[in-house]
Amino acid sequence: MTVQELPGAGASHRSTPPAWRPRTDAAPLLPDPEPYRVLGTEAADRLDPELMRRCYAELVRGRRYNAQATALTKQGRLAVYPSTVGQEACEIAAALVLEDQDWLFPSYRDTLAAVARGLDPVQALTLLRGDWHTGYDPREHRIAPLSTPLATQLPHAVGLAHAARLRGDDVVALAMVGDGGTSEGDFHEALNFAAVWQAPVVFLVQNNGFAISVPLAKQTAAPTLAHKAVGYGMPGRLVDGNDIAAMHEVLAEAVRRARAGGGPTLIEAVTYRMEAHTNADDATRYRGDAEVEAWKAHDPIDLLERELTARGIIDEAAIASARDEAETMAAALREGMNADPVVDPMDLFAHVYAEQTDRLREQAAMLRAELEAEDQA
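Residues numbered from 1 in each chain as written. Predicted model: local features only at pLDDT ≥ 70, side-chain atom pairs only at ≥ 80, totals over all residues. Heavy atoms only, no water.

J.: I'm lost on the overall build of the protein chain in this one. Help?
T.: A count of helices and strands for the protein chain gives 13 helices and seven strands. Overall, the C-alpha framework of the protein chain stretches about 90 × 65 × 50 Å when taken along its three principal axes. Across the 377 residues of the protein chain, 46% fall into the buried class. Residue pairs in contact within the protein chain that sit at least 24 positions apart in sequence constitute 75% of those at least 6 positions apart. (Helix = DSSP H or I, 4+ residues; strand = E, 2+ residues; numbered from the N terminus. Buried < 20%, exposed > 50% of the residue type's maximum accessible area, 1.4 Å probe, protein only. Contact = heavy atoms within 4.5 Å.)

J.: Sorry if this is basic, but what is going on with a negative patch on the surface here?
T.: On the surface, Glu370, Glu372, Glu374 and Asp375 cluster together into a negatively charged patch. By the secondary structure assignment, glutamate 372 is in helix H13 (residues 358-376). The class of glutamate 372 is partly exposed, set by a relative accessible area of 44%. (Patch = residues over 30% accessible without salt bridge, like charges linked within 9 Å, V, L, I, M, F, W, Y side chains within 5 Å. Areas by Shrake-Rupley, 256 points an atom, 1.4 Å probe, with all protein chains shown as cover. Salt bridge = Lys/Arg side-chain N within 4 Å of Asp/Glu carboxyl O. Lys, Arg positive; Asp, Glu negative; His and termini not counted. Charge placed at Lys NZ, Arg CZ, Asp CG, Glu CD.)

J.: Help me understand a nonpolar patch on the surface, please; the structure alone is not making it clear to me.
T.: A cluster of nonpolar residues, Phe193, Val196 and Trp197, forms a patch on the protein surface that exposes about 310 Å² of accessible area. Along the chain, phenylalanine 193 falls in helix H8 (residues 185-197). Residue phenylalanine 193 is classed as partly exposed on the basis of its relative accessible area, which comes to 45%.

J.: It is not clear to me how helix H11 (residues 300-310) should be interpreted in this structure. Could you clarify?
T.: For an α-helix the count is 3.6 residues per turn, leaving residues at separations of three or four pointing the same way. Along H11, the positions that sit buried rather than exposed are Pro300, Ile301, Leu303, Leu304, Glu307 and Leu308. Take H11 and look down its axis: the buried residues cluster within an arc of 165°, on one side only. Looking at the buried side of H11, the elements it contacts are helix H2 (49-74), helix H3 (88-96) and helix H9 (244-259). A distance of 2.8 Å separates the backbone nitrogen of isoleucine 301 from a side-chain oxygen at the start of H11, and that oxygen is part of aspartate 299. Taken from the residues just after H11, glycine 312 is the one with a positive phi, measuring 75°. (Arc of directions from axis to C-beta. Polar contact = N/O pair within 3.5 Å; in protein donor to acceptor, adjacent residues only side chain to side chain.)

Any functional reading would require information that these geometric values do not contain.
Shown next, in the form of structure tokens:
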């Protein structure tokens, strides 16, 4: 007996049971076929000069920050540094669209976003030199700890955003993740919870082409990562991640939507990791120089500088001023990172549990005894 011959199978085959209904119209959730752009298009006519001048200064400072942090790894002052050269537009825009009460949930690569949000550059790099815990007070700065495990910060962002809404707090969470992180279960769980709860959270995927050495084509067969949004019932946006004007516009719109009760948005920023995964990686083993050179022609700083110069929004004096400010920041960062940190080994037992377990107390006592013995020797 075939399936069609089973009792009732014919009627079911002819028409869908009346209980089935689409939960939402899929069409408005689908991303555009091409990444959204502003610079170099008619949309650039509506640029806000003051905002763009600030964006330009932040991009220049961000590029200098990346260069200085990379130099610090070569000097032994940083254990590791994941550069965001080429991705600065994503980082800066993510920081600028948030209000003071909002929360940023960065990945390990997003130290620049934290700095652009106001975190001291030295504190942003403290974790990466193996120093005290996360390096800063997350509650004070409204910046969650830099997340090294891939995508684990995304469910945390959803939980915080959902809790804030239940309490009536005007808070939006913006969670950042790389394309590699979209292959993790935490990514899918976070999107599903966020959509079901209509949590005020924005997911920003920086698709920089590689999860260390694994290209996107070996991670997903989806048309774009933004298309994944429709499977969870939220809108997906595809945007040029090197166009800071487009990034700011799309992110700001998503934040406004979340704040107004419209629920989450998934944004895929198409960008490129110009440098290696970290200073410990050799990118030449899995990609060619020609590919990197092609992306250099789409550099986020150059794109904005050409547009603003042509429109008379910035001039040579403004460009020089931005570079001078960036050098001042780099000098302060060097000075701060060259100071040897004062490390207390007993901090290993702080901030693990609200109340220490018996096992932790035992371990702390053993370490304290060893330290006292060394002092007396």
